[in-house]
Structures are given as C-alpha cells and as structure tokens.
Amino acid sequence: MRQEDVKNIVATPINAPVFPAVDIFFRNREYLNIIYETDIEALQAVVPEPLEVLSNQIKFEIINMPDSTGLGSYLECGQVIPVRYQGEVGEFYLSMYVNNQPAIASGREVAAFPKKYGSPRLYLDNDVLVGTLDYHSLRVAQATMGYKYIPMAVEEAQSIIGAPQFMLKQHRGYQGELIISELTRSQITDLEIKEAYRGPARLQLFEHVMAPLADFPVRKIVDAQHIIADLRLGGPAKLYDYLTD
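Position labels on residues start from 1 in each chain and follow its written sequence. In keeping with the model being predicted, local features are shown solely for residues with a pLDDT of at least 70 and side-chain atom pairs are shown and tallied solely at 80 or more, while totals for entire chains, interfaces and linings include all residues. Excluding hydrogens and water, the side-chain figures rest on all heavy atoms present in the structure.

An unreviewed UniProt entry lists the chain under the name Acetoacetate decarboxylase, from Exiguobacterium acetylicum.

Structure (structure tokens):
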C-alpha cells in the first residue's frame, strides 16, 4: 500500500474495516422514551460545563433500528439529560449501550456518541411496549408503556427527535495524555415522523457498577413517548475545546 493511500483508510483492520464509508440512513427507527424526575444533584455531577442542567428531569430511551444503511439491524439504550448551551436548549448524551460493533466503533470514532456494549430489547408484549437493557448476564433496566394510547402531533414529535445533541469527545495519546477534549453538537436531519404516541409507563432501574443507570433513581414519571421515524444523523461540530478555551 502506498503512503498516500493510507490516509484514505476508513477504519482498521485495513482489509476489513470495522465500519463502512457509507451515508447512513435510518428507516423505521423506533423510540421508546420515558422522561422522569430524579435527583438534580446527580445530574449536575455528570453534566460538563459550560452546559447547564435545566431541571431534575432525565430521559431513558431505547431505540430499535431495524434498517440502517451499512450497519444493518441493531438496538441501543441509554440516558439523555436536558441541557442548555449559550441559550440553546438540547440534550446531553450521557450513555448509550449498543449491541452492534460497527455502530459502537463509528459512533465513538467518527462522532462523539458515548457508546459501549450492552443488550437492549424493544418488543410488543400483547398490549404493552416493553424495553429492556441487559449488561451481559444481568438486567439493568426494564420499561413498560401502554401501546399506542394517545396520538402525538407530528410537530411535537419532530421537536423531540430533532433536538440538538450535545456530547463530550475524549481521546488520549500513547502516554495517556489527553489530546482531544471537546464539547460537540449534532442534530438529526431529513426527519420524517411516521407514527407518534404517548401513554402510561413504568420504569425499573437496577444497580450495576458498569451500567450505572440506577445512579439516577426514578422519583416520578413525567411522560412516555413511542415514536417511529426515518432520519439521518447530522455530523458533529466542535463547540468548546477544554484544552484551549
């Protein structure tokens, strides 16, 4: 391989990249979102400045992606915190547990999504939408929601799914030195809402040292949303550099 060709490599291994160089489009991407009240001190302890925590609310989400260009079919689950940055309201992505290696690698390397391995599920159990997260052999979270109870306006669903996404990008060098430490922003594009509902819900979180969702205990469920959409993830942009700003 010529030296000038090395920089065109998408990812390693060289002869079988862990993720492809394709424009990823998601069809029938299905969300189960449960917004609940928790302890605001716990939120403030994990949200990096200059982001501002807005309230004591946090979102637990499970996303089923059955048709993703280049990545196939997979699921992810995690917690998202409403925040504000210089007057703009969005969401800070705290954690994402994913059952697809290319999605984990590309999410971390190309963007700044805080992805690690986990085993989410999202399925219909008679009249109930069920979402679970297992970390290896142990159950970490279990959510249930009444199936398609109350239709949601398309405009509201668009504002929920299309909210700005704030993430922390961290990368260290060979001696452990921090070489990238950035706050990034991205936003979903080409969004088409296909179905959107809200309904009654319950959420259980179980203590786990490597998947500490229960660090944010469920005090009161505020809302539950079931949304299906086609979309494309927008590319990240650097907002703040912790090494220079």
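Structure shown, so let's carry the discussion forward.
*Asks:* Help me understand empty space enclosed by the protein in this model?
*Replies:* Rolled over the atoms, a probe sized like a water molecule indicates the empty space that remains. As defined here, a cavity is a set of points on a 1 Å grid over the protein atoms alone where a 1.4 Å probe fits but cannot get out. A pocket is an open set with protein on both sides within 12 Å along at least five of seven lines, and residues line them when an atom is within 4 Å of a point. Grid points are joined across faces, edges and corners, and a volume is the space filled by probe spheres set on the points. Applying the stated rule across the entire model yields 3 cavities of 30 Å³ or more. Considering only enclosed or pocket space, the largest cavity measures out at about 80 Å³ in volume. As for the largest cavity, its lining consists of 14 residues, and the residues nearest its centre are Tyr31, Glu91, Tyr93, Ile160 and Ile161. Under the scheme used here, helices are H or I runs from DSSP no shorter than 4 residues and strands are E runs no shorter than 2 residues, and both carry numbers assigned from the N terminus. Sorting the residues of the lining of the largest cavity by element identifies β1 (25–37), β3 (57–68), β5 (88–98) and α4 (154–161) as the ones contributing at least two each.

*Asks:* When you look at the nonpolar core in this model, what are you seeing that I'm missing?
*Replies:* Side chains of a nonpolar character, in soluble globular proteins, are inclined to be buried together. Among the nonpolar cores identified, the biggest contains 35 residues, and Leu51, Phe60, Leu205 and Leu213 are the most heavily contacted of them. Elements represented by at least two residues in this core include exactly β1, α2 (40–44), β3, β4 (72–85), β5, β8 (128–135), β9 (138–146) and β14 (201–205). The dominant element in this core, judged by the number of residues it contributes, is β4, at 5 residues. For leucine 205, the residues in contact, after removing those within four places along its chain, are Tyr36, Phe60, Gln79, Val140, Ala141, Leu213, Ala214, Phe216 and Val218. Membership of the second largest hydrophobic core comes to 26 residues, among which are Val98, Met167, Ile188 and Ile227. We define a nonpolar core as any set of buried Ala, Val, Leu, Ile, Met, Phe, Trp, Tyr and Cys residues linked to one another through side-chain atoms lying within 4.5 Å. Type-normalised accessible area, obtained with a 1.4 Å probe on protein chains alone, sets the label of each residue: buried when under 20%, exposed when over 50%, and partly exposed for intermediate values. Pairs of residues are marked as contacts when any of their non-hydrogen atoms sit within 4.5 Å.

*Asks:* What's the story with the packing of aromatic side chains in this structure? I'm lost.
*Replies:* The description of an aromatic ring pair uses the distance of the two centres, along with the angle that the planes make with each other. Any two rings among Phe, Tyr and Trp, with Trp reduced to its six-membered ring, count as a pair given centres within 6.5 Å; such a pair is stacked if its planes are under 30 degrees apart, edge-to-face if over 60, and tilted if neither. Applying the stated criterion to the full structure yields 4 aromatic pairs. For the pair tyrosine 240 and tyrosine 242, a centre-to-centre distance of 5.0 Å together with 70 degrees between the ring planes defines the contact as edge-to-face. One residue, arginine 29, lies across the ring of phenylalanine 26, its end atom 4.6 Å from the ring centre. For lysine 115, the ring lying beneath its charged end belongs to phenylalanine 113, and the centroid distance is 5.5 Å. The rule for a charge over a ring is simple: NZ of Lys or CZ of Arg within 6 Å of the ring centre, and within 35 degrees of the ring normal.

*Asks:* Explain helix α3 (residues 101–109) here, please?
*Replies:* Counting along an α-helix, one turn takes 3.6 residues, and residues three or four places apart therefore face a common direction. Taken as a whole, α3 has its buried residues at Ala103, Ile104, Ala105, Ser106 and Gly107. Looking at the buried side of α3, the elements it contacts are β4, β5 and β6 (115–117). Whenever two N or O atoms come within 3.5 Å, that pair is a polar contact, provided that in protein one can donate a hydrogen and the other can accept it, and provided that, for residues adjacent in sequence, both atoms are side-chain atoms. Between the side-chain oxygen of the N-cap and the backbone nitrogen of alanine 103 there are 2.8 Å, and the N-cap of α3 in question is asparagine 100.

*Asks:* Help me understand the pattern of salt bridges, please; the structure alone is not making it clear to me.
*Replies:* Should a side-chain nitrogen of Lys or Arg be within 4 Å of a carboxyl oxygen of Asp or Glu, the pair is scored as a salt bridge. Summed over all chains, the structure comprises 18 salt bridges. Between arginine 2 and glutamate 4 there is a salt bridge whose closest N-O contact spans 3.7 Å. For glutamate 4, a relative accessible area of 43% corresponds to the partly exposed category. Taking the shortest distance from any N to any O, the salt bridge between arginine 198 and glutamate 156 comes out at 3.1 Å. Separated by 42 residues along the polypeptide, arginine 198 in strand β13 (residues 189–198) and glutamate 156 in helix α4 bring together distant segments of the chain. The class of glutamate 156 is partly exposed, set by a relative accessible area of 33%.

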